[in-house]
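# Tertiary structure, described
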Amino acid sequence: MHNFNYHRASDVAGAAALLKDVDDGKLLAGGMTLLPTLKNRLAAPSDLIDLAGVSDLKGISIEGDEVVIRAMTPHAVVAASHEVATAIPALAALAGGIGDPAVRHRGTIGGSVANADPAADYPAAIVGLNATVVTNQRSIAADDFFLGLFETALRPGEIITSVRFKNPSRAHYLKFRHPASGYAVVGIMVAQYASGVRVAVTGAGPSVFRVSAMEAALDKSFTPKSIADIAVSADQLMGDIHCSAEYRAHIVKVYARRAVEALTA
Amino acid sequence: MGEFAIGQPVSRFEDPRLLRGGGRYVDDMSLPHMAFGHVVRSPHPHARILKIDTRRARQAPGVIAVLTGEDWLTSGFGDLPTATGKKKRDGSPMYRPKFPAMTVDKARYVGDPVAFVVANTALEAQDAAELVEVDYDPLPAITDTAHAHEDGAPQVYDDCANNICFVYQEGDKDKTDVAIAAADRVIKRRFVISRVTAATMETRGSIGHYDKAADRYTCYTTLQRALNFREELAETLRIPESKLRIVAGDIGGSFGMKSGVFNEVGLVLLGSKVTGRPVKWVATRSESFIADAHGRDNVTEAELALDKNGKFTGLRVRTLYNAGSYTQPGSDSGASSNVGTLAGVYMTPAVHVDVTGVLTNTNPMRPFRGNGRPEAAFVIERMVDIAADEIGMDPAELRRINMIPPSAMPFQTGLSFNYDCGEFEKVLDEALAMIDYKGFEARRAEARKRGKLRGIGMSYTIEKAAAPGYEGAEVRFDRTGSITLIAGSVTQGQGHETVFKQIVADRLGIHPDEIHYLQGDTDQVFLGEGTGGSRTSALGGSAVTSATEKVVDKARKIAAHMMQVDDVEYADGVFTSRKTNRSLSMKEVAKSATNPRNVPKDLEIGLNATAAYHTTRQNFPNGCHIVEVEIDEETGVATLDKYIVVDDVGVVLNPLLLKGQIVGGIAQGVGQMMMEEIRFDPDSGQILTGSFMDYAMPHAEIFPHIDIKSMPVPTKTNLLGVKGAGEAGCVGAIPAVANALVDALTHLGVRDVAMPATPERIWRVIEDAKRGQTA
Ligand SMILES: Cc1cc2nc3c(=O)[nH]c(=O)nc-3n(C[C@H](O)[C@H](O)[C@H](O)COP(=O)(O)OP(=O)(O)OC[C@H]3O[C@@H](n4cnc5c(N)ncnc54)[C@H](O)[C@@H]3O)c2cc1C
């Protein structure tokens, strides 16, 4: 780890101002991704601006047909939240399946979403549950937020303040855990809305993606059978020594069907 | 000492301290004025070093010294000791590459040390290390075991043709060739046993301290064998052992990996000598992946010959063993010391093994829990299952008809092992009853209804423990009648303190709270080889026992003198005599023993004893593992559903610790079989599994309850009747799990699953089988 200056922000505006002032500043949320990156010397920011003291960024609320989770809410809090479990049980389950207990108590939704790790779980929830990512500057629709591998629509200096998830009529998340890291090899969110079904896949590709063929088939008939034969192409997927692209494509197909089975059983 | 007696499930005395952060690992230790070292390592698997420029690094803030291999050479220190004793196929001596603490001419694996930066803080050392400029000329690299000996493969050493380091053979070649040629049936199979890393909780580390005034070196370090470590290091530094003190703290796991002297130990001592300050180095986790010694890694072809009744008539095994980039004493033992395990618990009259050790551009090797035992056990126990499948016999039955009966003991196998005792069939029957073997098909059918493929697999393995050697122990009573107990063996987490205190409490009637346990400091320990190869209960335990016997002998004479009688009995820590109603406890005798009045004239005063125990006969722990797995046919995900073990590890000193050893061993075996693997990119030679994000460790959640039962057949090869238990779990687990996985898939036409059997690999063999291509 290289040396850096440490700041503790007390509100979002203050954090934004600091970010602008310093040379090469980085926001610090749970530190579960950022700190290992610094320790391995893969990044050397001049300043870290810790959001842990910003009380505005913590908590969960239900607003109309939306579940609003503020950026600094740790995964463990989402997993244990009665409000979330009641409104969108699939979201609570997703949060409860991230990493291990230590990671769930430190890692935050804001940090996870900003980081846009291709194997992270939350992106499947953001896109599958048609969420809005709210920042200190604007609101960004889920479909516009994730641009690619570790790439989001966030502008330099932009701070995520909350994520607003739309309540589906039903939704289910299934994850195939990576044997080493525990991240998603494939994470699939199937959610049904009056406006249509959304199928979002994380882990398999360089960034979260929707499977429109499955969505169309499920719109017509919400049964496991209707998507049992719909495959995604392995060409755009990722592979590593544990799971090839071909295997990931296979798991997407099987897990999508199983998610629908779980919802229709 | 009823509750602490031998055989009681005494919970570990060391745990409250270790669990509450009271441990003293290398990184917990600080010496006054201590500086910190950072190793500059080769990023290339194979490269010529053209130039090392340390100027910029030397000028960096906080830097005290930047050392290279040239500095090592001019300091007068020598190379690290290397493996010796084996031969090549033509009878000439094995190839012995030099093992420098820092390489000068060539780097031979990713992680090979090339420079060492010493600074005021660890951070400054790390910063400056980035400024060391090394000019490399990359060379083609070979990491793959199977191809290293082929013509045209990159040469790790220019003068070592085809990278062949040594050839090791055991058994009767001619007899085996004849048996195989004449057999009714020969089963042939190739196995690749993957390379793994120990991933110890405490990474390697050392603090070196050269005391110029006393001209003496002290090294606080992670190790398994304090006195052997001192011997090897003294040889490296070219100093007498009296000028070197080695101190081990608590050691957070080793499994063989820390059993040799490693480069960085030399570097901190050189650093201290040059700077005049103590120097600490502790590996980061990332550094451990690239710089620790690895284990296993072989490619084996086996042929098992059977007669028409299913009796084994011959076994022929040829192995390519990856010897890594450098050798060390013991680093080649995985290729030789335990190939005897291949004979198994069977009567097979003719066995021959031929192992070729090949050098590669990979990390040096060390023993890893079992050191050749698990590899060999895997081969024979897979072969038995494959044979059972091919001849259509139940695998338990095939094992039974080939087992060595107790009446044949002692039994000389077709390889080097000579078994003293064992009741294999009895243990097998108990295991079959425990898992309800007969009821399995019903469980398989029930699983099928849930869409799961259920399989059952067993192994019956036997291995050598406590190879011929020695161990020391010392019992010192002080004047209040409490004890300092000093052992030659060193724990890396096994619980020596607990078991040794139990033995002393049992034999001398002193409460464990009044026993202070010491180990791992060469200034305190007079004799001992350390811990490894499942030897400590048998050898260390016997040494402690022998020391207590000497104490009792002397105390008996003192007690008789004090009670003024000539016949004294001793039981449960108390001396009595039929001639008087006076009695004396061991503690009372000990308290009185420094007063010359209480001691017979012909005896020295005081009550203490040292014991050196040695044996020329190893023992043979054995046991049966049976496991049931379920496989998700669509995804290839396998889960362990049921796991039982019946073992014979001789007399059980502490069932709680025994179970801990077996369970931990099983976890490592399951890890090897199902997920762990060190992988190198075949083209670049770079390690692909350099962190826990890529190197998969087994987590507690994947294990079912493991049911363990002991059926001891005491051995006469040591004072306590114990057999080794440290490696047994790992040895039995790998083949048992493999057999269960294959059994679940046999009906599809699957005949094997490569190690590690990841979900994708299992899915692929299922898919291939369905397409009619057997793996
Ligand atoms: C061992 C391990 C296992 C894991 N397993 C999983 C898993 O299974 N599934 C999974 O989804 N994740 C997993 N994670 C990731 C973890 O859950 C966190 O979500 C992730 O590390 C980022 O969250 P954080 O709060 O720690 O962010 P940090 O590490 O603090 O920050 C990450 C990045 O986001 C930026 N950032 C943080 N907050 C904001 C904000 N409010 N606005 C804008 N930018 C911001 C930071 O500047 C930084 O660039 C794992 C992590 C570890 C270490």
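No experiment lies behind these values; they were computed from the predicted model shown.

### Here we look at the overall build of chain B
The helix and strand inventory of chain B stands at 18 helices and 28 strands. For chain B, the C-alpha radius of gyration of 28 Å lies close to 28 Å, the compact-globule estimate for 775 residues. Viewed in the frame of its principal axes, chain B has a C-alpha envelope of about 90 × 75 × 50 Å. Contacts in chain B between residues at least 24 apart in sequence constitute 79% of all its contacts with a sequence separation of at least 6. Of the roughly 28,600 Å² that chain B leaves accessible, carbon and sulfur atoms contribute 50%.

### Considerations on unusual backbone geometry
Along the chain, M409 of chain B connects to P410 of chain B via a cis peptide bond; the corresponding omega equals -5 degrees. When you line up the elements, P410 of chain B lands in the loop between α10 (395–402) and β16 (411–412). With an omega of -10 degrees, the peptide bond running from M755 of chain B to P756 of chain B counts as cis. Turning to its location among the elements, P756 of chain B is positioned in the loop between α17 (728–745) and α18 (759–770). Residue R41 of chain A is not a glycine yet carries a positive backbone phi of 60 degrees. Along the chain, R41 of chain A turns up in the loop between α2 (34–39) and β3 (47–50). A positive phi is found at H33 of chain B, a non-glycine position, where the angle reads about 65 degrees. Here H33 of chain B is to be found in the loop between α1 (15–19) and β1 (35–41). A residue is classified by how much of its surface remains accessible, and H33 of chain B, at 65% relative accessible area, is exposed.

### What to know about the nonpolar core
The biggest cluster of nonpolar side chains holds 155 residues, and the ones touching the most others in it are F116 and L745 of chain B. No other element matches the 12 residues that α17 of chain B contributes to this core. Each residue touching F116 of chain B, except ones within four places of it in the same chain, is listed here: G37, H38, V39, A65, V66, L67, M102, L267, V268, V279 and W281 of chain B. Among the nonpolar cores identified, the runner-up in size contains 51 residues, and V113, A124, L129 and I160 of chain A belong to it.

### A short note on the site of the ligand
All names here are of chain A. In the vicinity of the ligand lie 29 residues, with L27, G31, T33, T108 and D121 positioned nearest. Contact between the ligand and L27: an oxygen atom at 2.6 Å from a main-chain N or O atom of the residue. Within the side chain of T108, an N or O atom sits 2.7 Å from an oxygen atom of the ligand. About the coverage of the ligand: the protein hides 91% of its 960 Å² of free accessible area. Put simply, the parts of the chain that give the shell around the ligand at least two residues each are β2 (25–28) and α7 (109–115). Per-element accounting of the shell around the ligand gives the leading share, 4 residues, to α7.

### Comments concerning the pairing of β3 of chain A
Residues and elements named next belong to chain A. Side chains D47 and I49 of β3 all project onto a buried face; the interleaved residues L48 and D50 project onto the opposite face, where all are buried too. The pairing of strand β1 (residues 5–8) with β3 spans 4 bridges and is classified as parallel. Considered in β3, the bridge of H7 is made with I49. As defined by bridge partners, β2 adjoins β3 across 4 bridges and the pair is classed as parallel. Paired with L27 across the two strands is I49, which belongs to β3. After leaving β2, the chain enters α2 and then returns to the sheet as β3, a path that is right-handed.

### Remarks on the domain arrangement of chain B
Residues and elements named next belong to chain B. Each assigned domain of chain B is listed here: domain 1 (2–17 + 469–615) and domain 2 (420–466 + 620–775). A C-alpha centroid distance of 40 Å is found between domain 1 and domain 2. Across the boundary between the two partners, domain 1 contributes 27 residues, which contact 18 residues of domain 2. Summed over both sides, the interface of domain 1 with domain 2 buries roughly 1,700 Å², with 64% coming from carbon and sulfur. For the pair domain 1 and domain 2, the number of links is 0 salt bridges. Connecting domain 1 to domain 2 are 10 residue pairs in polar contact (both at pLDDT 80 or more). Sorting elements by how many residues they give to the side of domain 1 that touches domain 2 places helix α14 (residues 536–563) first, with 8 residues. Here the residues of the side of domain 1 that touches domain 2 are counted per class, giving 8 nonpolar, 15 polar and 4 charged.

### Notes on the interface of chain B and chain A
Facing the 23 residues of chain B at the interface are 24 residues of chain A. Of the roughly 1,900 Å² buried between chain B and chain A on both sides combined, carbon and sulfur atoms contribute 48%. Per-residue buried area on chain B facing chain A is highest for E634, M693 and E760 of chain B; these three make up 27% of the total on that side. Our count for the contact surface shared by chain B and chain A stands at 6 salt bridges.

### As for the domain arrangement of chain A
Residues and elements named next belong to chain A. Taken as a whole, chain A is organised into domain 1 (5–50) and domain 2 (58–264). With centres defined by C-alpha atoms, the gap from domain 1 to domain 2 works out at 26 Å. Of the residues lining the interface, 9 residues belong to domain 1; the matching set on domain 2 comes to 13 residues. For the pairing of domain 1 and domain 2, the buried interface totals around 810 Å² over both sides, and the portion due to carbon and sulfur atoms is 75%.

### Focus: the pattern of salt bridges
All names here are of chain B. The tally for this structure, following the rule as stated, stands at 78 salt bridges over all chains. A salt bridge links R48 to D137; the shortest N-O distance between them is 3.5 Å. Here R48, found in strand β2 (residues 47–53), pairs with D137, found in strand β6 (residues 133–138); they are 89 residues apart in sequence, far enough to count as distant. A relative accessible area of 36% means that R48 is categorised as partly exposed. Residues R476 and E474 are paired through a salt bridge, measuring 2.9 Å at the closest nitrogen-oxygen approach. Judged by its relative accessible area of 13%, E474 is buried. Members of the salt-bridge network, linked through shared partners, are D436, R443, E446, R450, R454, E628, E630 and D641.

Rules behind the numbers
Residues numbered from 1 in each chain as written. Chains lettered and ligands numbered in written order. Predicted model: local features only at pLDDT ≥ 70, side-chain atom pairs only at ≥ 80, totals over all residues. Heavy atoms only, no water. Helix = DSSP H or I, 4+ residues; strand = E, 2+ residues; numbered from the N terminus. Rg over C-alpha atoms; globule rule 2.2 N^0.38 Å. Contact = heavy atoms within 4.5 Å. Areas by Shrake-Rupley, 256 points an atom, 1.4 Å probe, with all protein chains shown as cover. Buried < 20%, exposed > 50% of the residue type's maximum accessible area, 1.4 Å probe, protein only. Core = buried A, V, L, I, M, F, W, Y, C linked by side-chain atoms within 4.5 Å. Near = heavy atom within 4 Å. Polar contact = N/O pair within 3.5 Å; in protein donor to acceptor, adjacent residues only side chain to side chain. Pairing = 2+ DSSP bridges. Right-handed = clockwise from strand over helix to strand, strands pointing away. Domains from an automatic or database assignment. Buried area = accessible area lost by both parts, 1.4 Å probe. Salt bridge = Lys/Arg side-chain N within 4 Å of Asp/Glu carboxyl O. Nonpolar A, V, L, I, M, F, W, Y, C, P; charged D, E, K, R; others polar.

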